[in-house]
Amino acid sequence: MIPDDLRYTEAHEWVRDQGDGIVRIGITDHAQSQLGDIVFVSLPAVGEAVGAGAAVGEVESTKSVSDLYAPVAGTVTAVNPELDAKPELVNSGPYAEGWMIDVRVDGAAADVLSGLLDAAAYADLVGD
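Computed from a prediction, not measured in an experiment: that's the story for all the values here.

Topologically, S61 is positioned in strand β6 (residues 55–61). Owing to a relative accessible area of 6%, S61 belongs among the buried residues under this scheme. A distance of 2.7 Å separates a polar side-chain atom of S61 from the backbone oxygen of L35. Ignoring sequence-local partners within four residues, the contact set of S61 consists of L35, G36, D37, I38 and V39.

Attention shifts here to the nonpolar core. Formed by 24 residues in total, the largest nonpolar core has its most connected members in V23, I25, I27, I38, V90, M100 and V103. Looking at this core, the elements with two or more residues in it are β3 (22–27), α1 (29–35), β4 (38–42), β6, α3 (89–92) and β9 (101–105). With residues up to four places along the chain from it excluded, the contact list for V23 reads V15, R16, D17, Q18, V72, I101, D102, V103, V105 and L113. In this structure, I2, L6, A119 and V126 belong to the second largest nonpolar core, which totals 10 residues.

Of the residues in the protein, 100% reach a pLDDT of 70 or more, and the chain-wide mean stands at 95. Summarising per-element confidence for the protein, the mean pLDDT is lowest in helix α4 (residues 109–113) (82) and highest in strand β8 (residues 74–79) (98).

One can find Y122 in helix α5 (residues 119–126). The sequence separation of Y122 and V112 amounts to 10 residues, and the corresponding C-alpha distance is 17 Å. Ignoring sequence-local partners within four residues, the contact set of Y122 consists of I2, Y8, T9, H12, T28, H30 and L117. Here T28 takes part through its side chain, which lies 2.8 Å from a polar atom of the side chain of Y122.

How each quantity is defined
Residues numbered from 1 in each chain as written. Predicted model: local features only at pLDDT ≥ 70, side-chain atom pairs only at ≥ 80, totals over all residues. Heavy atoms only, no water. Helix = DSSP H or I, 4+ residues; strand = E, 2+ residues; numbered from the N terminus. Buried < 20%, exposed > 50% of the residue type's maximum accessible area, 1.4 Å probe, protein only. Polar contact = N/O pair within 3.5 Å; in protein donor to acceptor, adjacent residues only side chain to side chain. Contact = heavy atoms within 4.5 Å. Core = buried A, V, L, I, M, F, W, Y, C linked by side-chain atoms within 4.5 Å. pLDDT = per-residue confidence, 0-100.

Here is the structure:
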């Protein structure tokens, strides 16, 4: 399950253009299935500046802890408040209710997103 309307990173994050220079970020279905049952998510604070490729949070599962990387540079405008009480939403809906952060992109969103993988390239990466 790799939605065509998203962009992807080799570190298994997805990015959705929300418009007005804002992108929504989460981890892919492939990533959550590799992690197993997610029990805790640590995210950056609203207003925090993030750098492209920098670790900005952690996803803890019953198997391991994995970093969440920012696929774009910008400023965090929102975090998913549901994940504090229900981190398992990342397992049940990684592309919907399991989203993690919104970031106002430094620069034009279209330019930034064009440097990320499309669905076909991500499918090749993960062997789907």
